[in-house]
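Inside the fold
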Amino acid sequence: MRILIVEDEVKIRMGISRLISSHTEHSVVGEAKNGREGLEMINRLRPELVISDIRMPVMDGLEMLQEAVEAGCHCHFVILSGYSEFEYAQKALRQGVDDYLLKPLAPEDVTKLLDKIQKRLRLEEEESAQTTEGLLRDLLTGGRRDVADICRRLEKTGALEQGVPLFLAAGYVGNTNVRYCQALTRQWERMKEDHPELHLYYVMLENTQEVFLLAQGEISREDMEKKLRRRIYQNITEEDQPVWTFQELYAPESIQDTVQKLREYYLYGIRIGYREILTAEKIEKIAEEDFQYPLHLESRMQSAICKESAENLRKEAENFVIYTKEMKCSPRYIRKTYKKMLGFLENVCHEVNPEAYKLLQKQDLERTASGMITFGELETCFRKAVESILESKDKKEDIRNYAIRRAISFIREHYSENISLDMLADRLEITPEYLSTLFNKEVGINFSTFLKRFRISQAKRLLKGTDEKIYSIALQVGYNDPKYFNRVFKEEVGVSPGDYKQKN
């Protein structure tokens, strides 16, 4: 079951998410901090269940519920409530909410409720499967193996006919405005009204953000494609990147195989664009050049990260996006280029920017990019990684003690100079013993270890991001004796500065 959590208190929101992940097999597809943000995610992600607080800023839970229902959302709702809000919770139940959870939450209460909602969903699926739309959904999505039996039942009800051309359009709408999908539904209903002589069906898959349009009747492929084009590209904004594929088939039994083939075409929107219906014929005409990964841009971005140059990092990131837009190879290699670059940025940060590395690991952008379909999604994912690196640059250690904050600030500015515990203590007008005690208490390591690690981290930046000689780098990070620098570096990193530089 796909679940969205809407809660303004971050600790509660994260707690519910962890509870669901650790105690159940359900997946949390999104988290929102208020009703307005939650509504946008409901329309975009189409979850099967929304768990929402009642009282929230910007828009409360009930307003969100009402607007979601008016927009045509059919997901289930569970509200979070305190004992003081119990009457409010009862009002919500009367307005269509499935159930409620009382704070503080107990794991067994959450799992029990999720099991109850899951059973309702199964019953709904069983009931839906008996309808024409339900059978078509199973046929399109591969949800059932008895394809021949489903086709016979559809023929018996007159939904489909043997020997009459069948047209299938598969669309990926994950990178479009919410209003686009709403307008698409209206367009299909109008097409039904305008062409009663055709069998027309519309199936939306919320979990994969796909739309399937099925048509059958006495109409040519050319005319059908024209009608589709006129409908599916209305109400579209400049930023929308819907991917539409289209194919004619002659037997309902081959629908599932056709769906798989059309899904393989989605990525070609990267080459053909997002205002053109993709077909096998158009894809075959695409000229594909050899794949050339931009190693030169890797090097430049590494240098920008190591030198902490925000301006250069943004510039090279922009160059990377431009480079990928001009690539003429297979779209799979273009996606692979983004994935590889994201992995590279994470590895660089692992060495020289631990704060950024933590952020990138948490976001897991490299894995996320593997499943992306459109160019816009890949670009957004990449820019998110770059912004995470830039934001982390300004983050300081979470140190409360004023004296230690001053001490660390001094080390940041003067690490290349001869710094000692006595000298720094004298500058701060405290005793060396007290400064040493404070360092251990606030930072978790002693003064000399912190200074050594800070200097080595700066040395790693210079070794990765510049062509300077090792003895020069040693001087820049506060080591007048290159041999001593070599020994300290190898003890800390595991390899010599020369081997580290060669490796990177």
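These notes cover the structure that comes with them. (Residues numbered from 1 in each chain as written. Predicted model: local features only at pLDDT ≥ 70, side-chain atom pairs only at ≥ 80, totals over all residues. Heavy atoms only, no water.)

**Focus: the overall build of the protein**
Helix and strand counts for the protein stand at 25 helices and nine strands. Overall, the protein is about 90 × 65 × 35 Å in size when its C-alpha atoms are taken along their principal axes. A sequence separation of at least 24 residues applies to 66% of the contacts in the protein between residues at least 6 apart. Surface accessibility of the protein: about 26,100 Å² in total, with carbon and sulfur atoms responsible for 46%. Of the charged side chains in the protein, 76 are positive and 84 negative; the average position of the first set lies 3 Å away from that of the second. (Helix = DSSP H or I, 4+ residues; strand = E, 2+ residues; numbered from the N terminus. Contact = heavy atoms within 4.5 Å. Areas by Shrake-Rupley, 256 points an atom, 1.4 Å probe, with all protein chains shown as cover. Lys, Arg positive; Asp, Glu negative; His and termini not counted. Charge placed at Lys NZ, Arg CZ, Asp CG, Glu CD.)

**A word on the layout of surface pockets**
The calculated volume of the largest pocket comes to roughly 1,500 Å³. Lining the largest pocket we find 31 residues, and of these Val-29, Gln-363, Thr-368, Met-372 and Lys-384 sit closest to its centre. Within the residue set of the lining of the largest pocket, elements represented by two or more residues are helix 1 (10-23), strand 2 (27-32), helix 2 (35-45), helix 16 (354-363), helix 17 (365-370) and helix 18 (375-392). The element contributing the most residues to the lining of the largest pocket is helix 18, with five residues. (1 Å grid on protein atoms, 1.4 Å probe; cavity = no way out; pocket = protein on both sides within 12 Å on 5 of 7 lines; lining within 4 Å. Points joined across faces, edges and corners; volume = space filled by probe spheres on them.)

**Focus on the sheet that holds strand 3 (residues 49-53)**
Sheet strands pair via backbone hydrogen bonds, and the direction of the pair is either parallel or antiparallel. Taken in spatial order, the five strands make up an open sheet running 2-1-3-4-5, and their pairing is parallel. The open sheet has two free edges, formed respectively by strand 2 and strand 5 (99-102), since each of these has just one partner strand. Ignoring strand direction, the axes of neighbouring strands in this sheet form an average angle of 20°. Judged from the four bridges that link them, strand 1 (residues 2-6) and strand 3 form a sheet pairing that is parallel. From the neighbouring strand, Leu-4 faces strand 3, where its bridge partner is Val-50. In the packing of helix 2 onto the sheet, contacts are made with strand 1, strand 2, strand 3 and strand 4 (76-81), and the angle to strand 2 comes to roughly 140°. In the packing of helix 3 (residues 61-70) onto the sheet, the strands contacted are strand 1, strand 3 and strand 4, and the crossing angle to strand 3 comes to about 150°. (Pairing = 2+ DSSP bridges. Axes fitted to C-alpha atoms, helices over the stretch in contact; angles between N-to-C directions.)

**Re the pattern of salt bridges**
Scanning the model with the defined rule gives 21 salt bridges in all. Residue Lys-282 is joined to Glu-225 by a salt bridge in which the shortest nitrogen-to-oxygen separation is 3.5 Å. Of the two residues, Lys-282 sits in helix 12 (residues 280-284) while Glu-225 sits in helix 9 (residues 221-232), which places them 57 residues apart along the sequence. Ionic pairing is found between Arg-314 and Glu-387, a salt bridge with its closest N-O pair at 3.6 Å. You can see Arg-314 sitting in helix 14 (residues 310-325) and its partner Glu-387 sitting in helix 18, a full 73 residues away along the chain. On the basis of relative accessibility, which here comes to 32%, the residue Glu-387 falls in the partly exposed class. What emerges from the salt-bridge pattern is a single network uniting Glu-225, Arg-229, Glu-276 and Lys-282. (Salt bridge = Lys/Arg side-chain N within 4 Å of Asp/Glu carboxyl O. Buried < 20%, exposed > 50% of the residue type's maximum accessible area, 1.4 Å probe, protein only.)

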